[in-house]
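Take a look at the letters that make up each chain.
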Amino acid sequence: MIRLRGMTWNHDRGLAPMLATSAAFRERHPDVVIEWEARSLRDFGDAPTAKLAELYDMVVLDHPFMGDLASSRTFLAYDEFLSPEQRQAYAEDAVGLSWASYTFDGHHWALPNDAASQVMSYRADLLDREGVAVPSTWDDVMELAKVRRGFVSLALTPLDSLMSFFSLCANAGDPCFERDDQMVSRDTGEYALEMLRLLGDSAAPTARTENPIALYERMSSMDETAYCPLAFGYSNYSRPHYRSKLISYGLIPSAGHGPIGATLGGAGIAISASCPHRDLALEYATWASGRECQRTLYVESGGQPGSRAAWEDDTANALTNGYFHSTLPVLQGAWLRPRYRGFIGDCQNAAGQIIAGFMCGERTARETLDDFDSLLQRIARDR
């Protein structure tokens, strides 16, 4: 019996489709067992990848780690195993930048089995009860927040506050990291921080401890929060009967440029360079992330596919109250974070703590932007 070990993240979106596809793969290969384990969403976002490559044959991970993978070569480069025709098919079927996000330093390090970005979410029944419409601009959002505290809320952990800051800047037409020694222009940075502060002041009391999963669990079980303008989307909560309350999803608000700039998320399957059965791992990974599996078994088992064919599929949208049709324009216009070696540990985690200080009132907007710029300058010196 051949056993392959995989690691994903601990949510139905992350684990359920891997279990389902592994069971189907075993029907074709009775002597192969793929065992999937799951880690927390926090570990998914910042755990070192080299150690995972030692422990597991396959790992579902986030694209900002690609610089680390390229540097360590602890995972296989798919371009060394896939034909040009296969790579072109994946690229043409990608949701937005999902395929491109796993390419770094001339190689492709993961297959996008999952696609996501920050999107907008709402409880249609609660908005109807108040007689209010879904906001289309940030001015509309701030007006909606006046209904009561917590009616509009975000996920405001340090990491999620930072992701929303990135999205607000890119949504305003001025993405971060486009200047050598400055996170973003002062005008845009102050605008985004002020918007975050106002949204934090009107958010639910639990918002600063909530990641998107915790936010959606609360929105789908309680009637406190009716609207969230920015959080990584989870199509599970738009599936009837998944939870007691149905969440709908759609376009993020516009700052005058349309629903652009939402921070890209998603996940890809990487294969450890030390995997002793790489041919089987490659067969499984290419099939599970291929368009036919993605638009059928993968989405039917609770997954959020990386294939655009699945996002455009009528059956997939019927399963999810139109989640994929409603949010696809946001994914297509999403913003890609840097992916250089050490970005997560050296920059993203540190920047999250800086913005957490701002959200707690310990830093002014000017001090926060100064700290961001100092961080980037220090990283540039050390690289």
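Report on the accompanying structure. Being a predicted model, the structure only gives us computed values, none of them experimental.

The subject of this paragraph is the overall build of the protein. Tallying secondary structure elements over the protein gives 17 helices and 10 strands in all. Taken against the 2.2 N^0.38 rule, which gives 21 Å for 383 residues, the C-alpha radius of gyration of the protein at 20 Å falls within 12% of a compact globule. Seen through its principal axes, the protein has C-alpha atoms that stretch 60 × 50 × 30 Å. Buried positions account for 58% of the 383 residues belonging to the protein. The contacts in the protein between residues at least 6 apart in sequence include a share of 75% that link residues at least 24 apart. Carbon and sulfur atoms form 49% of the exposed surface of the protein, whose accessible area is close to 14800 Å². Charged side chains of the protein number 35 positive and 51 negative; the gap between the two group centres comes to 3 Å.

As a further point, take the sheet that holds strand 6 (residues 111-114). Whether parallel or antiparallel, the strands of a sheet pair through hydrogen bonds between backbone atoms. Within the open sheet, the five strands sit side by side as 2-1-3-10-6. Their pairing is mixed. Each edge of the open sheet is held by one strand with a lone partner, namely strand 2 (32-39) and strand 6. This sheet shows a mean twist of 25° between the axes of neighbouring strands, independent of strand direction. Here strand 1 (residues 2-9) runs beside strand 3 (residues 58-61); their pairing, made up of two bridges, is parallel. Directly across from G6, in strand 3, lies its bridge partner M58. Lying on the sheet, helix 1 (residues 12-28) is in contact with strand 1, strand 2, strand 3, strand 6 and strand 10 (267-271); it crosses strand 2 at an angle near 175°.

What follows covers the pairing of strand 8 (residues 227-232). Consecutive side chains of a regular strand alternate in pointing toward one face of the sheet and then the other. Among the six residues in strand 8, six count as buried, and that is most of the element. As judged from the four bridges shared by strand 7 (residues 118-122) and strand 8, these two strands associate in the antiparallel manner. Following the sheet pairing, V119 is matched in strand 8 by A231.

On the basis of which strands lie adjacent, the open sheet formed by three strands has the order 8-7-9 and antiparallel pairing. The sheet is open, and its two borders are formed by strand 8 and strand 9 (248-250), each paired with just one other strand. Strand after strand, the sheet turns through a mean of 35° between neighbouring axes, direction not considered. Pairing of strand 7 with strand 9 involves three bridges; the strand directions are antiparallel. Bridge pairing in strand 9 places S121 opposite Y249. Across the sheet, helix 10 (residues 212-219) is in contact with strand 7, strand 8 and strand 9; its angle to strand 8 comes to roughly 145°. Lying over the sheet, helix 15 (residues 323-332) contacts strand 7 and strand 9, oriented at roughly 30° with respect to strand 9.

What follows deals with the pairing of strand 1. Examined bridge by bridge, strand 1 and strand 2 share eight bridges and lie parallel to one another. Each bridged residue has a counterpart across the sheet, and for T8 the counterpart in strand 2 is A38. Chirality of the crossover, the property in question, places the unit of strand 1, helix 1 and strand 2 among those that are right-handed.

It is worth spelling out the packing of aromatic side chains at this point. One pass over the full model with this rule turns up 21 aromatic pairs. Consider the rings of F25 and W287, whose centres lie 6.4 Å apart with planes at 35°: the pair is tilted. Pair noted here: F25 is in helix 1 and W287 is in helix 11 (residues 278-288), with a separation of 262 residues, a long-range link. Judged by relative accessible area, which is 0%, F25 ranks as buried. The ring of Y234 has R13 sitting right over it, with the charged end atom 4.4 Å from the ring centre. Its end group placed over the ring of Y242, R243 keeps NZ or CZ at 4.2 Å from the ring centre.

Procedures and definitions
Residues numbered from 1 in each chain as written. Predicted model: local features only at pLDDT ≥ 70, side-chain atom pairs only at ≥ 80, totals over all residues. Heavy atoms only, no water. Helix = DSSP H or I, 4+ residues; strand = E, 2+ residues; numbered from the N terminus. Rg over C-alpha atoms; globule rule 2.2 N^0.38 Å. Buried < 20%, exposed > 50% of the residue type's maximum accessible area, 1.4 Å probe, protein only. Contact = heavy atoms within 4.5 Å. Areas by Shrake-Rupley, 256 points an atom, 1.4 Å probe, with all protein chains shown as cover. Lys, Arg positive; Asp, Glu negative; His and termini not counted. Charge placed at Lys NZ, Arg CZ, Asp CG, Glu CD. Pairing = 2+ DSSP bridges. Axes fitted to C-alpha atoms, helices over the stretch in contact; angles between N-to-C directions. Right-handed = clockwise from strand over helix to strand, strands pointing away. Phe/Tyr/Trp six-rings, centres within 6.5 Å; stacked < 30°, edge-to-face > 60°. Lys NZ or Arg CZ within 6 Å of the ring centre and 35° of its normal.

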